[in-house]
Structures are given as C-alpha cells and as structure tokens.
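Take a look at the letters that make up each chain.
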Amino acid sequence: MRRVIDVLTMQRGPMGSHASQNTSTLVILGIVVVVLSVVIILTWFPRLTGVRPSLTIEPQVVHQDEIDSPTDVGGTDEYDTALEVALRLLEPDEILIIKALEEAGGSMLQKDISYELEFSRVKTHRILVRLLKRGVVTAEKHFNTNRIELEDWLKE
C-alpha cells in the first residue's frame, strides 16, 4: 500500500523522483474523509425497505337472514350485496376490472383482462396489485400469465 501511495505522489524534478511525506499523508487523510462521509450519509438517510401493513383486515359479509332490521346495515331499506358495497369503494379502473370478472363468472386470465378492457399490461398489473392488497381478488400462476378470481366473499 505504501508503495502505491509513493508511486501516486511522486514528484519528478531535475534531481530525480522525490516522494513527499506530506503528500502521502494528504492522500490517506482524503480516503478517510471520503469513507467517513459515506458512512454518515448512509446512517442519516437510510433507504426505505417498503411499507408493510401492521394488521390484516378480514372482510365480513352479513347475510340477509342474519339481519334483524334494515337499520342494522346503515339505515337503508335495501339490502346491498357485498359486491355493490365494494364497487362503491373502488376507483373507476378497479370497478371496470371487477365488472369484467363478474361478467366472466368470477375468473379470467390477466392477459384477457388487458385485452378486453384495452388496458396496457402494466396498467392492468398495477390495478390488480391494488385489488390483491385489498383482498378483493386472488391471483394464481397460469403458464405465462395469472388467473385472477374474485374473492369468495364477493361471489356470494
């Protein structure tokens, strides 16, 4: 290591090459400063590893025969299905996917969803990831695509 520093810090003059002690000290000090700077930056600004939910919420479906009066469901005279309630809480693109799944009997291939709704593959993927996180659909590998199915609580 000393030889490498001497070669890097050599001064050439009329009397030959001379290595200065001050120059090699400055090179070592510079390396130490850079390493310390990197360590300080990494400790003060850690990378985000991702957001994880603290708990999972299981959706509950209330059947009509379990309800004593219409006021048990929020005061409406109509009994809404779980699908109708879920559709009110979703974004427009998510609603389109849920309706397409419902029309197809509750199950479709991901590539068919993209084709039918004329969404890009990336857009379809992003929407499905949001729906998967909310527990609205499930996905299982099917050759080079995924089979997307409505959750059981939405089919009832």
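Our structure's up above, just so we're on the same page.
Residues numbered from 1 in each chain as written. Predicted model: local features only at pLDDT ≥ 70, side-chain atom pairs only at ≥ 80, totals over all residues. Heavy atoms only, no water.

Caption draft 1: Region of interest: the nonpolar core. By size, the foremost hydrophobic cluster in this structure holds 23 residues, and its most contacted members are I97, I98, L101, I113, L131, V137 and L154. If near-sequence neighbours (up to four positions away) are discounted, I113 is found in contact with I97, L101, M108, T124 and I148. (Core = buried A, V, L, I, M, F, W, Y, C linked by side-chain atoms within 4.5 Å. Buried < 20%, exposed > 50% of the residue type's maximum accessible area, 1.4 Å probe, protein only. Contact = heavy atoms within 4.5 Å.)

Caption draft 2: Structural context of the sheet that holds strand β3 (residues 107-109). Taken in spatial order, the 3 strands of this open sheet run β3-β5-β4, and their pairing is antiparallel. Each end of this open sheet is capped by a strand with a single partner; those strands are β3 and β4 (137-142). With direction set aside, neighbouring strand axes in the sheet form an average angle of 25°. For β4 and strand β5 (residues 145-150), the ladder comprises 6 bridges, and the chain directions are antiparallel. Looking at β5, one finds that V137 is bridged to L150. Packing against the sheet, helix α6 (residues 121-134) makes contact with β4 and β5, and its axis sits at approximately 120° to β4. (Pairing = 2+ DSSP bridges. Helix = DSSP H or I, 4+ residues; strand = E, 2+ residues; numbered from the N terminus. Axes fitted to C-alpha atoms, helices over the stretch in contact; angles between N-to-C directions.)

Caption draft 3: Inspection of helix α3 (residues 82-89) at higher detail. Of the residues making up α3, those classed as buried are A82, L83, A86 and L87. Down the axis of α3, the buried side of the element spans an arc of 130°, and every buried residue falls inside it. Relative to its buried face, α3 has exposed residues pointing more than 90 degrees away, namely R88 and L89. Where the residues of α3 are buried, they touch α4 (92-103) and α7 (152-155). (Arc of directions from axis to C-beta.)

Caption draft 4: Structural view of the environment of M108. The topology assignment puts M108 in strand β3. As a C-alpha pair, M108 and R147 span 39 residues in sequence and 5.8 Å in three-dimensional space. Setting aside residues up to four positions removed in sequence, M108 forms contacts with A100, L101, I113, E116, N146, R147 and I148.

Caption draft 5: Representation of the pattern of salt bridges in the model. Applying the stated criterion across every chain, the model contains 4 salt bridges. Residues K123 and D93 are paired through a salt bridge, measuring 3.4 Å at the closest nitrogen-oxygen approach. Of this pair, K123 sits in helix α6 while D93 sits in helix α4, and the two are 30 residues apart along the sequence. Here K123 falls in the partly exposed class, since its relative accessible area comes to 33%. The partner of R134 in a salt bridge is E94, with the nearest N and O atoms 2.6 Å apart. Of this pair, R134 sits in helix α6 while E94 sits in helix α4; the two residues are 40 residues apart in sequence, bridging distant segments of the chain. On the basis of relative accessible area, E94 is assigned to the buried category, the value being 0%. Look at the salt bridges and you will find they share partners, linking E91, E94, R130 and R134 into a network. (Salt bridge = Lys/Arg side-chain N within 4 Å of Asp/Glu carboxyl O.)

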